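Per-entry structural report
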Amino acid sequence: MQRLKSRRQFQVVLAGSTLARTAHFALHAVALNADPVDLSAKPLFNVATVWLGAMVPKRWAKRAVTRNALKRQIYAVSQLYQARLPVAAYVVRLRSGFDRAQFVSASSDALKLAARTELQLLLERASGAAPGHGATVTA
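Now for a look at the structure at hand. (Residues numbered from 1 in each chain as written. Predicted model: local features only at pLDDT ≥ 70, side-chain atom pairs only at ≥ 80, totals over all residues. Heavy atoms only, no water.)

1. Some thoughts on the packing of helix H2 (residues 64-81) against helix H3 (residues 109-126)
Here is the rule: To get an axis, fit a line to the C-alpha atoms, keeping to the stretch in contact for a helix; angles then go from 0 to 180 degrees between the N-to-C directions. Only runs of H or I of at least four residues qualify as helices and only runs of E of at least two qualify as strands under DSSP, and these elements are numbered from the N terminus. Note on terminology: angles under 35 degrees are roughly parallel, angles over 145 are roughly antiparallel, angles of 65 to 115 are roughly perpendicular, and the others are oblique. Should the near helix be turned anticlockwise from the far one by less than a right angle, the crossing is left-handed, and should it be turned clockwise, the crossing is right-handed. Residues are treated as being in contact if the distance between any of their heavy atoms lies within 4.5 Å. Note that Gly is not counted as nonpolar here; it falls among the polar residues with everything else outside the nonpolar set of Ala, Val, Leu, Ile, Met, Phe, Trp, Tyr, Cys and Pro and the charged set of Asp, Glu, Lys and Arg.
Two elements in contact, H2 and H3, have axes whose closest approach is 9 Å; the angle formed by their N-to-C orientations is 40 degrees. Comparing the axis directions of H2 and H3 gives the class oblique. Taken as a pair, H2 and H3 cross one another with a handedness that is right-handed. In this structure, H2 uses Thr 66, Ala 69, Leu 70, Gln 73, Ile 74, Ala 76, Val 77, Ser 78, Leu 80 and Tyr 81 to contact H3, whose residues at the interface are Leu 111, Lys 112, Ala 115, Arg 116, Leu 119, Gln 120, Leu 123 and Glu 124. Of the residues belonging to the contact of H2 with H3, the class tally is eleven nonpolar, four polar and three charged.

Below, the structure written as structure tokens:
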């Protein structure tokens, strides 16, 4: 599994379709295109494998400890589902914050367990769906 690194990669995937949603997370995907139209351009996804990025905005997770813990959970759970996901580029995006009254600690075991359970549900829903529904990456 490759990780998305550039802003352009994230933008292309976020412009694709939303495969699944849960209360706190959304999974965006776009199919990879093996035959780029412009051969002089550097390919955006140079390896035909599963690509994954994690977006945890400060808007929904104020503390850096929480953002890092959620990103670690995203990458750890996605490793478990790598073989079941079709070859494509994916972004898991935090779309709402976890209740600070329920999860007082910035990086508690309860928060990690709740995030992990929800991420498993998200990837379970997406593992059978076709990424991008025909959308391809040409850049």
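2. Section: the packing of aromatic side chains
Note the cut-off: Aromatic pairing here means that ring centres of Phe, Tyr or Trp (its six-membered ring) are within 6.5 Å. Orientation follows from the plane angle: under 30 degrees is stacked, over 60 is edge-to-face, and everything else is tilted. Burial classes: relative accessible area under 20% of the type maximum marks a residue as buried, over 50% as exposed, and values in between as partly exposed (1.4 Å probe, protein chains only). Two limits define a charge over a ring: the Lys NZ or Arg CZ must be within 6 Å of the ring centre, and within 35 degrees of the ring normal.
Counting across every chain of the model gives three aromatic pairs. Relative to Trp 51, the ring of Phe 45 has its centre 5.3 Å away and its plane inclined at 70 degrees; by these criteria the two rings are edge-to-face. The same class applies to Phe 45 as to Trp 51, namely buried. Three or more aromatic residues link up through ring pairs in this structure, and these residues are Phe 25, Phe 98 and Phe 103. Lying across the ring of Tyr 75, Arg 3 places its NZ or CZ 3.6 Å from the centre.

3. Let's talk about the pattern of salt bridges
Two side chains with opposite charge may pair up if their charged atoms get near one another. Quick note on the threshold: Any carboxyl oxygen of Asp or Glu that lies within 4 Å of a side-chain nitrogen of Lys or Arg is treated as forming a salt bridge with it.
What the rule picks out here adds up to one salt bridge. Taking the shortest distance from any N to any O, the salt bridge between Arg 84 and Glu 124 comes out at 2.6 Å. Of this pair, Arg 84 sits in the loop between H2 and strand S5 (88-94) while Glu 124 sits in helix H3, and the two are 40 residues apart along the sequence.

4. A few points about the sheet that holds S5
Put simply, the rule reads: When DSSP finds two or more bridges between a pair of strands, those strands are recorded as paired.
Strand order in the open sheet formed by five strands is S1-S4-S5-S3-S2, and the pairing between neighbours is mixed. Only two strands of the sheet have a single neighbouring strand rather than two, namely strand S1 (2-3) and strand S2 (17-21). Here two bridges tie S1 to strand S4 (residues 51-55), and the two strands are oriented parallel to one another. Each bridged residue has a counterpart across the sheet, and for Gln 2 the counterpart in S4 is Trp 51. The sheet strands contacting helix H1 (residues 7-15) are S2, strand S3 (25-31), S4 and S5, and the helix crosses S5 at an angle near 85 degrees.

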